[in-house]
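Structure at a glance
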Amino acid sequence: MSEQILGFIGLGNMGRPMAKNIRAKGHRMIVFDVAGTADRAPEGAEIAQSVGEVARRADVLALSLPTVAINRAVVEEIAAGLADSGGARKVIVDACTIGQEAAAGNAAILAAAGVTYLDAPVSGLPLRAESASLSTMIAGPSAAVAKARALIEGYSANIFHVGETAGLGQRMKVVNNALYIASLVVISEGLAFGERGGLTLDDMLAVINTSSGQSFGTQNVFPQHIANGGFDGTGAEAHIIKKDLGLFVDGAAAEGSPGATIAEAYRAIAAFSDAEPTQDKARIYPFVRDEMTPDIQG
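Residues numbered from 1 in each chain as written. Predicted model: local features only at pLDDT ≥ 70, side-chain atom pairs only at ≥ 80, totals over all residues. Heavy atoms only, no water.

1. Examining the overall build of the chain
What the chain contains, in helices and strands, is 14 helices and nine strands. Its C-alpha atoms give the chain a radius of gyration of 20 Å, within 12% of the compact-globule value 19 Å for 298 residues. Dimensions along the principal axes, computed over C-alpha positions, put the chain at roughly 65 × 45 × 30 Å. Scored against the burial criterion, the 298 residues of the chain give a buried share of 50%. Counting only contacts in the chain whose residues sit at least 6 apart along the sequence, the fraction spanning at least 24 positions is 64%. (Helix = DSSP H or I, 4+ residues; strand = E, 2+ residues; numbered from the N terminus. Rg over C-alpha atoms; globule rule 2.2 N^0.38 Å. Buried < 20%, exposed > 50% of the residue type's maximum accessible area, 1.4 Å probe, protein only. Contact = heavy atoms within 4.5 Å.)

Here is the structure:
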């Protein structure tokens, strides 16, 4: 068991199971969530009263927060709180999806307070957060990665150090998310075509998942959250996937990188989110099947 104090800020759909799995490995932990820490904290973790308390007391702490704006506000609060007391040797593990520019900005803000920043987004959805089998893609100094490894291994089955510069982890995550989220639109269009011709979702998924059309979406999201008629439980709302895919679309456009096909998928995701931002992303299938208009389809 590590002698380090490990911290965690943000105990939502992803953060709560991530923190629980860190604590399950016997590490001493201190946690905080603005929505109510006591109700969300892992058993045996110390409950902080503020972001600043976690930052002061933890040697390594992770962030799991829902938006880019909230992420930046928390980073600025950490930096302000440690600027005078000294953040030397502290490591921040940022597990949020915020984009390359925001991660570089966070690194600069924290460096001014003497804190090392690891850009370390995760992939795998809440189902893999629960089973401690997330994939983490890290960018930052190797020494800081080694210091934070005990925390990251608490929730990750796969850890990839993709570079020393903050932002490269985000770039890797944006690539991964673009492929996955765009595929939800493609899968929905394909299955809608099949249903209109008399095929059932169960039969189509059984064939696809033993054939060349298989993907994470067909193997996990559609069988577990859509084909059963639930259209919920994925742990991600429509506005989250709009934000995530938008990071790729905006980045590709700014750099002149190919992105036309994914941009078309984004149009559908944006329309889906704009219709009801808080709906579960599993409802993308009935939206594509029943509500997509020729204008949305391009």
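Now that the structure is up, let's keep going.
2. Some points on the nonpolar core
One finds L191, F222 and I226 to be the most contacted residues of the largest nonpolar core, which totals 36 residues. Of all the secondary-structure elements, those providing two or more residues to this core are helix 8 (168-196), helix 9 (201-208), helix 10 (216-226), helix 11 (238-255), helix 12 (260-275) and helix 13 (284-291). At 10 residues, helix 8 tops the list of elements feeding residues into this core. Those residues in contact with L191 that sit more than four places away from it in its chain are L201, M204, L205, I208, F222 and Y285. (Core = buried A, V, L, I, M, F, W, Y, C linked by side-chain atoms within 4.5 Å.)

3. Examining the pattern of salt bridges
The full count for this structure, using the stated rule, is 12 salt bridges. When the shortest N-O distance is used, the salt bridge between R171 and E255 registers 2.6 Å. You can see R171 sitting in helix 8 and its partner E255 sitting in helix 11, a full 84 residues away along the chain. A salt bridge links R267 to E264, with the nearest nitrogen and oxygen atoms 3.5 Å apart. Here R267 and its partner E264 are both found in helix 12, three residues apart, which amounts to about one turn of the helix. Overall, the relative accessible area of 32% leaves R267 in the partly exposed class. The class for E264 is partly exposed, based on a relative accessible area of 39%. Ionic contacts of the salt-bridge type, sharing partners, join the residues R28, E46, E53 and R57 into one network. (Salt bridge = Lys/Arg side-chain N within 4 Å of Asp/Glu carboxyl O.)

4. Observations concerning helix 11
If you check helix 11, its first and last C-alpha atoms are 26 Å apart, about what 18 residues at 1.5 Å a residue would give, namely 26 Å. Among all positions of helix 11, only A238, I241, D244, L245, G246, F248, V249 and A252 are buried. Packing partners of the buried residues in helix 11 comprise helix 8 and helix 12. Downstream of helix 11 by one or two residues, G256 has phi in the positive range, about 70°. (Expected span 1.5 Å × (residues − 1).)

5. As for helix 8
Across its 29 residues, helix 8 extends 43 Å between first and last C-alpha, which sits within 8% of the 42 Å expected from 1.5 Å per residue. Where helix 8 terminates, the next one or two residues include G198, which has phi positive at roughly 105°.

6. What about a nonpolar patch on the surface?
Nonpolar side chains collect at one region of the surface, where F160, V162, L168, M172, V175 and L179 lie side by side and expose about 500 Å² of accessible area between them. Here the nonpolar patch takes four residues from helix 8, the largest share from any one element. By the element assignment, M172 lies in helix 8. Judged by relative accessible area, M172 falls into the partly exposed class, the value being 37%. (Patch = residues over 30% accessible without salt bridge, like charges linked within 9 Å, V, L, I, M, F, W, Y side chains within 5 Å. Areas by Shrake-Rupley, 256 points an atom, 1.4 Å probe, with all protein chains shown as cover.)

7. Points about the packing of aromatic side chains
The description of an aromatic ring pair uses the distance of the two centres, along with the angle that the planes make with each other. Taken as a whole, this structure holds three aromatic pairs when the rule is applied. Here the aromatic rings of Y180 and F216 are separated by 5.7 Å at their centres, their planes lie at 80°, and the arrangement is edge-to-face. Note that Y180 is positioned in helix 8 and F216 in helix 10, a separation of 36 residues in sequence. Judged by its relative accessible area of 14%, Y180 falls in the buried class. The class of F216 is partly exposed, set by a relative accessible area of 24%. (Phe/Tyr/Trp six-rings, centres within 6.5 Å; stacked < 30°, edge-to-face > 60°.)

8. Regarding the packing of helix 8 against helix 13
Contact geometry of helix 8 with helix 13 gives a least axis separation of 9 Å together with a crossing angle of 55°. Between helix 8 and helix 13, the angle falls in the class oblique. Of the two elements, helix 8 crosses helix 13, and the hand of that crossing is right-handed. Where helix 8 abuts helix 13, its residues L184, S188, E189, L191, A192, E195 and R196 lie against I284, Y285, V288 and R289. Among the residues making up the contact of helix 8 with helix 13, the classes are represented as six nonpolar, one polar and four charged. (Axes fitted to C-alpha atoms, helices over the stretch in contact; angles between N-to-C directions. Parallel < 35°, antiparallel > 145°, perpendicular 65-115°, else oblique. Left-handed = near helix turned anticlockwise from the far one by under 90°. Nonpolar A, V, L, I, M, F, W, Y, C, P; charged D, E, K, R; others polar.)

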